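Examining the three-dimensional arrangement
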Amino acid sequence: MNPTEPTPLHLELLYLARLRDTLGRSRETLTLDGPATVADLLALLRARGAPWDSELGGDRVFRVAVDQYMADPATVLVDGAEVALFPPVTGG
């Protein structure tokens, strides 16, 4: 591999609850040209158009976890990471 080429990131994406139902899938494997952050990943997913852009943007509330830890937009993704996208969970 050429050292000036970005190292690809292989990610396992999990879609839970409302997102699974609306996006029509529970998981997918995605390869990105690294490096990338959660914000980069979300921008890529929103660029797919409807319903991705409405579910992962605007006023829709959702959370992201990377390798089972809550993440924010600046979280850096690493090769082999599991990224879960899900609505907030409330108890009662």
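Preceding this paragraph is the structure being described.
Calculation notes
Residues numbered from 1 in each chain as written. Predicted model: local features only at pLDDT ≥ 70, side-chain atom pairs only at ≥ 80, totals over all residues. Heavy atoms only, no water. Helix = DSSP H or I, 4+ residues; strand = E, 2+ residues; numbered from the N terminus. Buried < 20%, exposed > 50% of the residue type's maximum accessible area, 1.4 Å probe, protein only. Polar contact = N/O pair within 3.5 Å; in protein donor to acceptor, adjacent residues only side chain to side chain. Phe/Tyr/Trp six-rings, centres within 6.5 Å; stacked < 30°, edge-to-face > 60°. Lys NZ or Arg CZ within 6 Å of the ring centre and 35° of its normal. Arc of directions from axis to C-beta. Pairing = 2+ DSSP bridges. Core = buried A, V, L, I, M, F, W, Y, C linked by side-chain atoms within 4.5 Å. Contact = heavy atoms within 4.5 Å.

1. Comments concerning the side chain of Glu 55
- With respect to the element layout, Glu 55 can be found in helix 3 (residues 52–55).
- Given the relative accessible area of 8%, Glu 55 is considered buried.
- One polar contact links Glu 55 to Arg 18, side chain to side chain, over a distance of 2.8 Å.

2. Notes on the packing of aromatic side chains
- Under the definition given, this model contains 1 aromatic pair.
- With centroids separated by 5.5 Å and ring planes inclined at 75°, the aromatic side chains of Tyr 15 and Trp 52 adopt a geometry described as edge-to-face. Of this pair, Tyr 15 sits in strand 1 (residues 8–15) while Trp 52 sits in helix 3, and the two are 37 residues apart along the sequence. For the pair shown, Tyr 15 and Trp 52 are each scored as buried.
- We note Arg 48 situated over the ring of Trp 52; from NZ or CZ to the ring centre the distance is 4.4 Å.

3. Let's talk about helix 2 (residues 38–46)
- For helix 2, the full list of buried residues reads Val 38, Leu 41, Leu 42 and Leu 45. One side of helix 2 carries all its buried residues, which in axial view fall inside an arc of 95°.

4. Some thoughts on the sheet that holds strand 2 (residues 27–33)
- One open sheet accounts for 5 strands, arranged 2-1-7-4-5; its pairing is mixed. Each edge of the sheet is formed by a strand with only one pairing partner; in this case those strands are strand 2 and strand 5 (69–70).
- Inspection of the sheet shows strand 1 paired to strand 2 by 7 bridges, in the antiparallel sense. Residue pairing across strands places Glu 12 opposite Thr 29, the latter belonging to strand 2.

5. Overview of the nonpolar core
- Core analysis: the largest hydrophobic core is formed by 22 residues, its most contacted members being Leu 41, Leu 45 and Leu 85.
- Among the secondary structure elements, those contributing two or more residues to this core are strand 1, helix 1 (18–23), strand 2, helix 2, strand 4 (63–66) and strand 7 (82–86).
- Among all residues touching Leu 45, those that are not within four sequence positions of it are Leu 13, Tyr 15, Glu 28, Leu 30, Trp 52, Leu 56 and Leu 85.

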